[in-house]
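Structure at a glance
Next come the chains, spelled out residue by residue.
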Amino acid sequence: MAGGTTLHELFERGVRAAGKDRTAVITDRVRLSYGQLDTRAARLARHLTETAEIGPGDLVAVRTLRAPDVVVAVLAVLRTGAAFTVVSPSGREPAELADARAVISHRVHSGRLTSTLARPLILLDGDSAAIDARPDTPLDAPSGTDAALLFTAGTTGAPRAVPVPHARLTAAYAAWSEVFRLGTDDRVLVTAAPDTAAFTAALVRVLGAGATLVLGAGEPYTVADTDPVTAGFLTSAPGGPQDGLRLLVVGGERIRLADHVALERRLTPGTRLIGLYGPAEVAGCGTWFETAQLTGPVREPAGHAYLGRPFTGVTVELRGKRIWLTPPDGGDAIPTGDQGRRDGEGPLEFLGRTADRFKVGGRTVDPYRVEAALVTHPAIRDVLVAPGASAGDRPVAHVVPEPGYVPDEPLVRAHLAKTVHSAETPAVVVRIAALPRTAAGRLDRGALTRPVATRPGPRPGRVVSSGKGAPLTREETLRTVAAPAMLIALVLSISLTNVLWPGSTDLSIVPDPWAWYFRGLYIAEHLAFVAGVGFLIAGRTLMPRDAAPGWLTTLAHLAIVYLLASWWPQDNFYRLAAKQDWERQAALVYAFNIPLMLAAAVVACWAWWVGTHERERD
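The rules we used
Residues numbered from 1 in each chain as written. Predicted model: local features only at pLDDT ≥ 70, side-chain atom pairs only at ≥ 80, totals over all residues. Heavy atoms only, no water. Helix = DSSP H or I, 4+ residues; strand = E, 2+ residues; numbered from the N terminus. Buried < 20%, exposed > 50% of the residue type's maximum accessible area, 1.4 Å probe, protein only. Contact = heavy atoms within 4.5 Å. Areas by Shrake-Rupley, 256 points an atom, 1.4 Å probe, with all protein chains shown as cover. Pairing = 2+ DSSP bridges. Right-handed = clockwise from strand over helix to strand, strands pointing away. Patch = residues over 30% accessible without salt bridge, like charges linked within 9 Å, V, L, I, M, F, W, Y side chains within 5 Å. Salt bridge = Lys/Arg side-chain N within 4 Å of Asp/Glu carboxyl O. Phe/Tyr/Trp six-rings, centres within 6.5 Å; stacked < 30°, edge-to-face > 60°. 1 Å grid on protein atoms, 1.4 Å probe; cavity = no way out; pocket = protein on both sides within 12 Å on 5 of 7 lines; lining within 4 Å. Points joined across faces, edges and corners; volume = space filled by probe spheres on them. Nonpolar A, V, L, I, M, F, W, Y, C, P; charged D, E, K, R; others polar. Axes fitted to C-alpha atoms, helices over the stretch in contact; angles between N-to-C directions. Core = buried A, V, L, I, M, F, W, Y, C linked by side-chain atoms within 4.5 Å. Parallel < 35°, antiparallel > 145°, perpendicular 65-115°, else oblique. Left-handed = near helix turned anticlockwise from the far one by under 90°. Polar contact = N/O pair within 3.5 Å; in protein donor to acceptor, adjacent residues only side chain to side chain.

Helices and strands together make up the secondary structure of the protein, namely 15 helices and 24 strands. In the protein, which comprises 618 residues, the share counted as buried stands at 50%. Of the contacts made within the protein by residues no fewer than 6 positions apart, 64% connect residues no fewer than 24 positions apart. Per element, the accessible surface of the protein, about 28,600 Å² overall, is 57% carbon and sulfur.

Burial analysis of strand E13 (residues 272-277) places six of its six residues in the buried class, the great majority of the element. Burial along E13 is two-sided: the residues Arg272, Ile274 and Leu276 and Leu273, Gly275 and Tyr277 are all buried. Pairing analysis gives four bridges linking strand E12 (residues 247-250) to E13, with the strands arranged parallel. In the strand pairing of E13, Leu247 is matched with Arg272. Crossover handedness for the path E12 to helix H8 (residues 257-266) to E13: right-handed. As paired elements, E13 and strand E14 (residues 287-289) share three bridges and run antiparallel to each other. Across the sheet, residue Gly275 finds its bridge partner in E14, namely Phe289.

This part takes up a nonpolar patch on the surface. A surface patch of nonpolar side chains, amounting to about 440 Å² of accessible area, comprises Ile488, Leu492, Leu496, Val499 and Leu500. Of note, Ile488 is situated in helix H11 (residues 474-500).

This next bit is on the packing of aromatic side chains. Within this structure, the stated rule accounts for six aromatic pairs. Between the aromatic rings of Phe350 and Tyr368, the centroid separation amounts to 5.1 Å while the plane-to-plane angle is 80°, which identifies the pairing as edge-to-face. Of this pair, Phe350 sits in strand E19 (residues 348-353) while Tyr368 sits in helix H9 (residues 367-374), and the two are 18 residues apart along the sequence. Across the pair, exposure class does not vary: Phe350 and Tyr368 are buried alike. Taken together, the aromatic side chains of Phe180, Trp288 and Phe311 make up a single cluster linked through ring pairs.

Attention now goes to empty space enclosed by the protein. The probe, sized like a water molecule, is rolled over the atoms to show the empty space still left. For the structure on display, the rule yields three cavities of 30 Å³ or more. There is about 90 Å³ of room inside the largest cavity. Looking at the lining of the largest cavity, the element that brings in the most residues is helix H1 (residues 7-18), giving four residues. Residue composition of the lining of the largest cavity, by class: six nonpolar, one polar and three charged.

Let us now look at the sheet that holds strand E24 (residues 428-431). Taking strand neighbours across the sheet as the criterion, the three strands line up as E22-E23-E24 in an open arrangement whose pairing is mixed. This sheet does not close on itself; its edge strands, each paired only once, are strand E22 (380-386) and E24. Pairs of neighbouring strands in the sheet enclose a mean axial angle of 25°, with direction left out of account. Where strand E23 (residues 396-401) and E24 come together, four bridges link them in parallel fashion. If you follow His398 over to E24, its bridge partner there is Val430. Of the strands in this sheet, E22 and E23 touch H9, which is tilted by about 160° from E22.

Once that is clear, we can look at the nonpolar core. One finds Leu44, Phe180 and Phe311 to be the most contacted residues of the largest nonpolar core, which totals 84 residues. Top element by residues in this core is helix H3 (residues 67-79). It accounts for nine residues. Those residues within four positions of Phe180 in sequence are excluded, and the remaining contacts are Arg205, Arg246, Leu247, Val249, Ile274, Leu276 and Phe311. Judged by nonpolar contacts, the second largest core, of 18 residues, contains Ala373, Leu374, Val375 and Val429.

With that settled, the discussion passes to the pattern of salt bridges. Considering all chains together, one arrives at 19 salt bridges under this definition. Of the charged contacts, one joins Arg246 and Asp186 as a salt bridge, the two residues approaching to 2.8 Å between their closest N and O atoms. You can see Arg246 sitting in the loop between helix H7 (228-236) and E12 and its partner Asp186 sitting in the loop between helix H5 (166-180) and strand E9 (187-190), a full 60 residues away along the chain. Taking the relative accessible area as the measure of exposure, Arg246 reaches 28% and is therefore partly exposed. A residue is classified by how much of its surface remains accessible, and Asp186, at 7% relative accessible area, is buried. Three or more residues joined by partner-sharing salt bridges are found here, namely Lys20, Asp38 and Arg79.

Another aspect to go through is the packing of H3 against helix H6 (residues 197-208). Packing of H3 against H6 leaves a shortest axis separation of 12 Å and a crossing angle of 75°. By the angle between their directions, the pair H3 and H6 is classed as roughly perpendicular. Across from Val70, Val71, Val74 and Leu75 in H3, the residues of H6 making contact are Phe199, Leu203 and Leu207. The residue inventory of the contact of H3 with H6, partitioned by class, reads seven nonpolar, no polar and no charged.

Where helix H2 (residues 34-51) meets H3, the axes come as close as 8 Å, and the angle between the chain directions of the two elements is 55°. When the interaxial angle is binned, H2 and H3 end up oblique. For the pair H2 and H3, the sense of crossing is right-handed. Residue-level inspection shows Leu37, Asp38, Arg40, Ala41, Ala42, Leu44, Ala45 and Leu48 of H2 in contact with H3, the latter providing Val71, Val72, Ala73, Leu75, Ala76, Val77 and Arg79. Among the residues making up the contact of H2 with H3, the classes are represented as twelve nonpolar, no polar and three charged.

Along the polypeptide, Arg168 turns up in helix H5. What makes Arg168 buried here is its relative accessible area of 13%. Each C-alpha atom of the pair Arg168 and Leu7 lies 9.4 Å from the other, and the pair is 161 residues apart in sequence. Contacts of Arg168, omitting those with residues within four sequence positions, involve Glu281, Val282, Ala283, Pro327, Pro328, Asp329, Gly330 and Ile334. Engagement of the side chain of Arg168 in a polar contact is seen with the side chain of Asp329, the distance being 3.0 Å.

This brings us to H9. Burial runs high along H9: seven of the eight residues are buried. Turning to H9, its buried residues are Pro367, Tyr368, Val370, Glu371, Ala372, Ala373 and Leu374. If you follow the buried residues of H9, they end up packed against E19, strand E20 (358-360), strand E21 (363-365), E22, E23 and helix H10 (409-416). The N-cap of H9, judged by a side-chain oxygen 3.2 Å from the amide nitrogen of Tyr368 a few residues on, is Asp366.

Written out as structure tokens, the structure reads:
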């Protein structure tokens, strides 16, 4: 690639800085010096070009999770001028791998590879003799534009493929170097799985600096690059953090300020703690946070999570509350899907993910806002708020309690009473031991188990009750109250028609098939009346709560009831009225038709109000 440094050239500089004899990769079973890593990568690169004709612009899939082999394969692919992507050998194949010109894997995984993946297949163990026989002389191959194909974390859907150019990764390395200041004497513990964007970013940081990549437990390290859960484990282990630790980098998921401060207190004086934020689209190089960035004390630190300041070359834009990041190599701003705010010169604060929001009765619920309020209670260590069992049900709070506490629904409701809307208050509290997380350490809301039913808390004006003081759910109201009433209404409307309006349904003088058309009309009138009775009883619970003023929703409720139920009496009155009986005809028009028009107008006004104000909330 002309005009700039490629990722391969960056790694070569790291090799020269470290020297051939310094350890490059270390695991529980394997140690590779920079010289050995360079030789193995050179031979595999030769094998790729001579066997699979890999070159600039191609994509090579590395389908294994054996970390030392992943490192060798990545460096080899880059030497050919191609781009790499690392994927797990288990699970479904990403559609993007259909474009791969070759696959690097191990014999044990070859049976899982399907015909949708391009061939040839290079097996690092099965083809080891042929690979070792290749010369280790450097290739003189130009590089394509892209260095890697990374995948998003997939916390809000299926993981998405993101092509990442050389310029972005090398610019990210320069930005990371200013903050982390890694050197050849550093030994960096990396806990991310090799098929994650976090591992690729850590690989660039470590090998670009000529440092040692530590991938095994029990090995000494000076820097730990990990996720929040592992960071807590490393700092709370017996004996405290490992001796010699000078920097703890925590990425993969935001950390609440209270947790950040708690981690800091476990570290020895002088050890830095940095929170890292950046999606795959910016190669993981977005913002970084240290408590020194705060401009003053923060009230209730458990309720705040900071993303910090942008790395050099990165620009943060807030469009409304939505966060957009400009990649470190420049270009167009990229939406992150997250929301945030920034006060003056202070650090960027995280305000939740847009995709996590959901509807309750026409109102948009931001779960992060509720979570931020709940974790300020001393009985609650952490919490995730999720939708209820059915659409429209109030939220469910999945709570990790502090030892010795048993958070319940009254406690949650009381704590949130002054901070969030009643529709956002969780109706059910589920106590769990720990929040579910993905392999990359990210919160996994999709792994939460929803309760079978979600009972809303008490609401003023609700009269439907189970008789035990607990309000009925929507389904219970329909099943236990509305359904029997509708059945009674159907029986009464059929049996009383000729009692209230004698002769109104007499079709003895109407020839077929017209008589059957009228019978169909009578059936429709009965069903509409029955539906009106059902909606009168249960309809208010079916309509969006708090989406419009209560009086307007009540009018709309009654208007819908009238639109459904009035056809049965109206049509029977009309059939008994003579065409020339103008007095009765006028009375019927004003008693039925005019109210029908007014009812339709009320429903239209209510629908307009709900739609307009819902767009404003979004």
